[in-house]
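What follows is the residue order along each chain.
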Amino acid sequence: QVQLVESGGGLVQPGGSLRLSCAASRSIFSFNRMGWYRQAPGKQRELVALITSGDRPNYADSVKGRFTVSTDNAKNTVYLQMNSLRPDDTAVYYCNAGQMGAYFWGQGTQVTVSS
């Protein structure tokens, strides 16, 4: 069973930055995709950023130019650097990993952007 543990969420003022981390219980090389999703109150879960094997990262239009996804293979960790945060970025952020049709989720970390 794969475990994904997110961290780094919190309360930040508009315009601020946060870096989310997602630590996997096994090598991230074993996944063919890893990404971040978010779910705001009363809304459906949506894709934020996605890395697939051999491809450049994909981002939701709403976060392009502000968010950056990256990996540290030695630490089995995926990061989401979030800059220029806005109130509409407020949501629970989830890490996701996929391998041959099986998908795994972390427990989520709350990000609140408010003054």
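Small disclaimer: the values here were computed from a predicted structure and weren't measured.

*Asks:* It is not clear to me how the sheet that holds strand β3 (residues 18–24) should be interpreted in this structure. Could you clarify?
*Replies:* Paired through backbone hydrogen bonds, the strands of a sheet run either parallel or antiparallel to each other. Read across the sheet, 4 strands follow the order β1-β3-β8-β7 without closing on themselves; strand pairing throughout is antiparallel. The open sheet has two free edges, formed respectively by β1 (4–7) and β7 (67–72), since each of these has just one partner strand. Recorded for the sheet is a direction-independent mean angle of 15° between the axes of neighbouring strands. Direction of pairing for β1 relative to β3: antiparallel, over a ladder of 4 bridges.

*Asks:* Help me understand the pairing of strand β9 (residues 91–99), please; the structure alone is not making it clear to me.
*Replies:* Sheet faces and side chains relate simply in a regular strand, where the side chains alternate between the two faces. Across the 9 residues of β9, 8 count as buried, placing the element largely inside the fold. Bridge count for strand β4 (residues 33–39) against β9 is 7 bridges, and the pairing is antiparallel. Pairing of Arg38 across the sheet is with Tyr93, part of β9. Note that β9 and strand β11 (residues 109–113) share 3 bridges and pair antiparallel. The partner of Tyr93 across the bridge, within β11, is Thr109. Note that β9 and strand β10 (residues 102–105) share 4 bridges and pair antiparallel. In the sheet register, Gly98 faces β10, and the bridge partner there is Tyr103. Counted along the chain from β9 to the antiparallel partner β10, the turn is 2 residues long, and its residue Met100 has a positive phi close to 50°.

*Asks:* Just checking my understanding: could you explain the pattern of salt bridges for this structure?
*Replies:* It is possible for side chains of opposite charge to pair when their charged atoms get near one another. Tallying each qualifying case throughout the model produces 5 salt bridges. Arg38 is the partner of Asp89 in a salt bridge, and the nearest nitrogen-oxygen pair spans 2.9 Å. Of this pair, Asp89 sits in the loop between β8 (77–82) and β9 while Arg38 sits in strand β4, placing them 51 residues apart in sequence. Residue classification places Asp89 among the buried positions, given a relative accessible area of 0%. Overall, Arg38 belongs to the buried group, its relative accessible area being 6%. Two residues, Lys64 and Asp61, come together in a salt bridge whose shortest N-O distance is 3.1 Å. One salt-bridge network, held together by shared partners, links Arg38, Glu46, Arg66 and Asp89.

The rules we used
Residues numbered from 1 in each chain as written. Predicted model: local features only at pLDDT ≥ 70, side-chain atom pairs only at ≥ 80, totals over all residues. Heavy atoms only, no water. Pairing = 2+ DSSP bridges. Helix = DSSP H or I, 4+ residues; strand = E, 2+ residues; numbered from the N terminus. Axes fitted to C-alpha atoms, helices over the stretch in contact; angles between N-to-C directions. Buried < 20%, exposed > 50% of the residue type's maximum accessible area, 1.4 Å probe, protein only. Salt bridge = Lys/Arg side-chain N within 4 Å of Asp/Glu carboxyl O.

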